[in-house]
Amino acid sequence: MAMVSEFLGQLTLNAGSHEPHFPTVVPALNFDPNQDAARIETAIKTKGVDEQTIINILTKRTYSQRREIAFSYEKTAKKDMISALKGALSGSLESVILGLMKSTTQYDASEIRGSIKGLGTDEETLIEILCSRSNTELMEIKKVYVELFKKELDKDVAGDTSGNFAKLLLALVQAKRAEASSVVDFEKIDQDARALYQAGVGVKGTDVPTWISIMSERSVPHLQKVFQRYKSYSPYDMQESITKEVKGDLQKSFLVIVQCIENKQLYFAKRLNEAMKGKGAKEKLLTRIIVSRCEVDLKKICSEYKSHFGQSLQKAITEHTKGDYQKVLLSLCGPEE
């Protein structure tokens, strides 16, 4: 029974986050956890497993509703629903369904832990999550990370990265970003734009600490205006400057921060497109973004995808995936709009 208490014991929602939400998964009306639990038990017991029923139920309930289903299942079936699902499902479908049995925050924390644990580091996952989450989300992730893994997130990040790359990630993990203000400080915008220029393109070498402090501590609306103002000092925009000034994981991290400041949902749309380039799909990346954003902003990601790539995300998923994995992703994305 450890699994239910481990992942469902903490009801972590996105309360308190100031970012607007555009979820594709919303609370089901006329919700009956007992009925859902009974249907899932029947689907698991069916010869060959009735995956479609499991998909239909769990992709159309929010995390808090799935949590209620799991408790009801445990009460009536006298067994842990997560373990039962694990035993009944396999492959990519299993990854998605088990991901949905965690809150958005628990899922992020688990993905970070998975990217750090063991030999080598999955920098791509680490960068994507830490550089794209809001202050509120990062504070929640830190709290849940300790609850789940009995370790401090900043210590794990520090132990697994180095140099300026580590300094940038740790600055983000500290969650010191200012809250958005209704007052626009034009003088401060100009100062920061000039400081970014003078720390990079305007000087030989790069003053990385200045870049780190400005990009990890200023509010999102302030930085949007700073990046606009920056163009009046530099012959290059902020992303081009980053590409010229720094390399490797540090470059990737700064680019993700800037892209997310400018348009976070477009950033994720581009990542999803990347995941479906060429033959087949990078399922780990596809799963991670769709599972982690379905209760946050996946609806807006879908609309950014369509306007940027001229094709719906749903159509791209249909072309690049198959079987139950395709069905579960399409169900989480919702109908085309």
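Residues numbered from 1 in each chain as written. Predicted model: local features only at pLDDT ≥ 70, side-chain atom pairs only at ≥ 80, totals over all residues. Heavy atoms only, no water.

- As recorded in an unreviewed UniProt entry, the protein chain goes by the name Annexin, listed as coming from Tetraodon nigroviridis.
- Regarding the protein chain, the relevant UniProt record gives this comment under Sequence similarities (unreviewed entry): "Belongs to the annexin family."
- Entered under Subcellular location (unreviewed entry) in the UniProt record, the comment concerning the protein chain runs "Secreted, Extracellular space, Extracellular matrix, Basement membrane". (UniProt positions renumbered as here; feature names shortened; annotations may be inferred.)

## What about the side chain of Asp156?
Part 1 of the argument: By the secondary structure assignment, Asp156 is in helix α10 (residues 153-160).
Part 2 of the argument: Judged by its relative accessible area of 14%, Asp156 falls in the buried class.
Part 3 of the argument: Within the structure, the side chain of Asp156 is placed 2.6 Å from the side chain of Tyr145, a separation counted as a polar contact.
Part 4 of the argument: With near-sequence residues (within four places) excluded, Asp156 lies in contact with Arg113, Ile116, Tyr145 and Lys151. (Helix = DSSP H or I, 4+ residues; strand = E, 2+ residues; numbered from the N terminus. Buried < 20%, exposed > 50% of the residue type's maximum accessible area, 1.4 Å probe, protein only. Polar contact = N/O pair within 3.5 Å; in protein donor to acceptor, adjacent residues only side chain to side chain. Contact = heavy atoms within 4.5 Å.)

## Some points on the domain arrangement of the protein chain
Part 1 of the argument: Its domain assignment divides the protein chain into domain 1 (33-89), domain 2 (104-174), domain 3 (186-262) and domain 4 (264-333).
Part 2 of the argument: Facing 11 residues of domain 2, the contacting portion of domain 3 comprises 11 residues.
Part 3 of the argument: For the domain 2 face of the interface with domain 3, the top three residues by lost area are Ile127, Asn164 and Leu168, together amounting to 47%.
Part 4 of the argument: At the boundary of domain 2 and domain 3, one finds 0 salt bridges.
Part 5 of the argument: Secondary-structure elements contributing two or more residues to the side of domain 2 that touches domain 3 are α8 (123-132) and α11 (163-173).
Part 6 of the argument: The class makeup of the residues in the side of domain 2 that touches domain 3 is 7 nonpolar, 2 polar and 2 charged. (Domains from an automatic or database assignment. Buried area = accessible area lost by both parts, 1.4 Å probe. Salt bridge = Lys/Arg side-chain N within 4 Å of Asp/Glu carboxyl O. Nonpolar A, V, L, I, M, F, W, Y, C, P; charged D, E, K, R; others polar.)

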